[in-house]
Structure formats: structure tokens, C-alpha cells
Amino acid sequence: MAAASSSDSDSGRAESSEASSKWLDAHYDPMANIHTFSACLQLADLHGDGEYKLVVGDLGPGGQQPRLKVLKGPTVLSESPLPALPAAAATFLMEQHEPRTPALALASGPCVYVYKNLRPYFKFSLPQLPPNPLEQDLWNQAKEDRIDPLTLKEMLEGIREKAEVPLSVQSLRFLQLELSEMEAFVNQHKSKSIRRQTVITTMTTLKKNLADEDAVSCLVLGTENKELLVLDPEAFTVLAKDAVTSLCFGRYGREDHTLIMTTRGGGLIIKILKRTAVFVEGGGEAGPPPAQAMKLNMPRKTRLYVDQTLREREAGTAMHRSFQADLYLLRLRAARAYAQALESSLSPVSATAREPLKLHAVVQGLGPTFKLTLHLQNTSTARPILGLLVCFLYNEGLYALPRAFFKVPLLVPGLSYPLETFVESLSDKGISDIIKVCCRLVLVGEVSVSECGQGPRVAARIGWVSAQ
């Protein structure tokens, strides 16, 4: 009886405590597998339907496998991997166009990843900081092998203790190495440029033009080197940059939206947000014109449109089969043309590494005299070509060439060498024939030149054949 009385007493006490509490227990799941902190939690109307979801920048168990999770009630609606561990999350409106769905920004290291409709949209990276000049000079000496790794370590430790400009990540990693690992690290990184990069420590939003709840907002980033950056929501450029040590935003005096900052040098900055303020560098209205957001008056459906729609519904299968048949026929013709080009050696580029040459012919002029330019290119990566001879084979009854033989200079890989000559058409009836371009190596090309009433009709065929 005593035990029953004690149990009833505890139950009554619990019910009394729940009734007097200001909170309702809506959900409790100790196995939800969510690892995050306050800065990575956001509530937002992601789909513009008036129903707010919970956005979580999840660090993952032990800081491994970070993920972006969206919860509706106790249910996880979507889950996608993140490129790096998140430091802060914020939702903001980027534009005034319909539908008014907010974007999601996740800060991680020196980058801000922006998502629209829960899909990657834009990546903003903080600008790099200038390196310590003493540190840069030390790595330059290491690059020229003027100091050994042990001396480099001692001098970098002295800079870290006394210099105002922090060391780069490369130098900090070097200082953590053992003596046996230093030489390999220096040989691997001494030719690389010194880069110093800060990281984002906090992030929030600031209304751009209006103080309304659904107004466009700017991202405000706080960095590790005590800087405050305001980003334009459309171009994602830095609109304002301050080196501040503290800040406060809220009602000051009679103004509702006041930003108060203290700077590194001891200064005080007070900014009041105007209702008509536009945070655009250089002034003026940024982004697309307002007319782009206006809905167009769509024309009424005509009888022809309705008849065509009914026809597509009734004969959709037959139309699709006809389209597929035409597509297969097109592919067949393309394959036959490709096979014919391979069989007749009409490719302008050599197909083997032993013949790294490329030939391109250009015919210019209205006739009866034409300018023929050959462009030869060595397509190898490192081997030059020397001693190449080029000659033209043609019908002497139709054409006359003042220079039909060339001795090609040394062909450096990657450069195009033009060879020019003139072709005179001797026929007054517009008869054309093939001009063959022959090389001492394996390159053969064919150029067809003719003259007609409205100017020249030019066709070129470049091919590769085996050397005879």
C-alpha cells in the first residue's frame, strides 16, 4: 500500500509539473542522429507555402560526413552531403521575383555555399590576404636552396612569436613536422606561392532596401581576422568591408535599425539603416530590369492549337515512332560518313603518334587568281619536326602556280605555320579540279578551286595517306 501510494504521488507530481510548464512536449527522439550547434540551425519557409521547415547543418558523427538536413515535424524530408563542415547557416531572399522562396547560405571555412530549392546555386570565396613579407622571403630562400630546413623552422618560429601578420597554413603545417619530415615537405612546397586565407566565424543577414519581413537581404560575414563583410545578394560581391572588434545592432535612440561598431584602432562607428538605402557599389539599380518580373499576357488558344493538341494525343505513338526512325536514319548516315572518311583517309589530323601533323587549307579570292594558304601544325607534345617538304600536284591545263614547292622550316609543337602561294585559273568555263598537297612525310591534302559567276566556289578536303 505504501509503494502504491508513493507511485501515485510521483505520478501526480509529474502531471502537476507538466500542467504548470510553459512548454508542450511535441517530440522527443534521443536517437535522431543530429550533431550541430545553434549557428547551424534555421527555420525557413523553403517552398513558399507558409509552412516553415527546420534546416540543419549537420556536422556528422565525430565531425565526419557533414550533411544538409531538412525536417518537417519529426520527419527528415531531404538529406544531402555538404562539401565541408558548416560554421553557420542563414536563410535570405535574393530577389523580388515570384515565387518568393528564400535561399539557404552555409558558411564553411573561407567559403559560403548558397542553395536554391535545396540545390547548389553559388559558391562565394573570401578574398585572399597578403602574406607576411618576411615569411615570403624565407620560402624564396628555401626555393633557391640558400637555407636548410632547420634554419627555416627557427626563423619561422621567430616570426610567429613577434610578427603581427599571422603565418600561412603552409608554414604552420611545416612547424608541426618532425625533423625527418621537414626536408621532403620543403622540396614539395618550396615552389608553391604563399597563400594566407581567413575563415568565416559567424554569419547573419541585413535588409537591403526595406525593413519588411519579405524584403531582399544581404549576407553579413564575420571573419577570423576581425573583418565584417556585406555581400550583395544578386552579384555576391563585397559591398562594404570594416575591420571591427565588436558590433551591435538594434534600436538606438529613436531609430529602430542602427548598427554600432568599434574598430581596431579604438574608433566608434554608428550606422542607421535607411528605408531607401541601396547597397550597390557605384549606385544605381542592380540586377535585371523590373519589366522582367512582369507577367506576360499569353494569347488565347486558337482553334489550330487545339486541333494540333488533339492530333498529338491521338497519334502520339505514331509520331514518336516516326521521329525515332528519322533519328536512327540520321545516326546511320553519320556513321557511314564517318566510316567512309576513315577508309579514304580524309581526316585533317594524323591518327598515329608517329605522324603528329595537322593540315588546314584556306582558299581566298574571287578569281581568276586565288590565294592558297596552308596551315601546318605539329601536334606532338615535345618532339619538333625537321626537314618537311611540301609540293602541289595539279592539272597544268587548268591551273598555274608560281610556287609549287616549299621547304618547311622547323615545326615547333603547338604552333601553326602558314605557307602561302597563288593559284591562277586558266579555264574560262569555270571548270575545277583537285589540287593535291603532298608532303615528304605522310601528309596529303586535296583542295578544289573554281570560279563562277557570283564568286569562287571553294571546297577543301584534307587527308592522310601512307608514305610511298
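Conventions we followed
- Residues numbered from 1 in each chain as written.
- Predicted model: local features only at pLDDT ≥ 70, side-chain atom pairs only at ≥ 80, totals over all residues.
- Heavy atoms only, no water.
- Core = buried A, V, L, I, M, F, W, Y, C linked by side-chain atoms within 4.5 Å.
- Buried < 20%, exposed > 50% of the residue type's maximum accessible area, 1.4 Å probe, protein only.
- Helix = DSSP H or I, 4+ residues; strand = E, 2+ residues; numbered from the N terminus.
- Contact = heavy atoms within 4.5 Å.
- Pairing = 2+ DSSP bridges.
- Axes fitted to C-alpha atoms, helices over the stretch in contact; angles between N-to-C directions.
- Salt bridge = Lys/Arg side-chain N within 4 Å of Asp/Glu carboxyl O.

**Examining the nonpolar core**
Formed by 23 residues in total, the largest nonpolar core has its most connected members in Leu 374, Leu 376, Val 390, Phe 392, Val 408, Leu 411 and Leu 419. Listed by contribution, the elements that provide at least two residues to this core are strand 15 (357-364), strand 16 (369-378), strand 17 (388-393), strand 19 (405-408), strand 20 (416-425) and strand 21 (433-439). Apart from the residues within four sequence positions on either side, Leu 411 is in contact with Leu 357, Asn 378, Pro 384, Ile 385, Leu 388 and Tyr 417.

**Here's the deal with the sheet that holds strand 8 (residues 119-125)**
Spatial strand order, 5-6-7-8: 4 strands in an open sheet with antiparallel pairing. A single partner strand is all that each edge strand has here, and the edge strands are strand 5 (88-92) and strand 8. When strand polarity is set aside, the average angle formed by the axes of neighbouring strands in this sheet is 20°. Inspection of the sheet shows strand 5 paired to strand 6 (residues 103-108) by 5 bridges, in the antiparallel sense.

**Digging into the pattern of salt bridges**
In total, this model carries 10 salt bridges according to the counting rule given. Note that Lys 69 and Asp 58 form a salt bridge whose closest N and O atoms lie 2.8 Å from each other. With Lys 69 in strand 3 (residues 67-72) and Asp 58 in strand 2 (residues 53-58), this residue pair connects regions lying 11 residues apart in the sequence. The class for Asp 58 is buried, based on a relative accessible area of 3%. With its nearest N and O atoms 3.5 Å apart, the salt bridge here joins Glu 420 to Lys 371. Taken together, the positions of Glu 420 in strand 20 and Lys 371 in strand 16 put the pair 49 residues apart, joining distant regions of the chain.

This is a description of form; function is not addressed.
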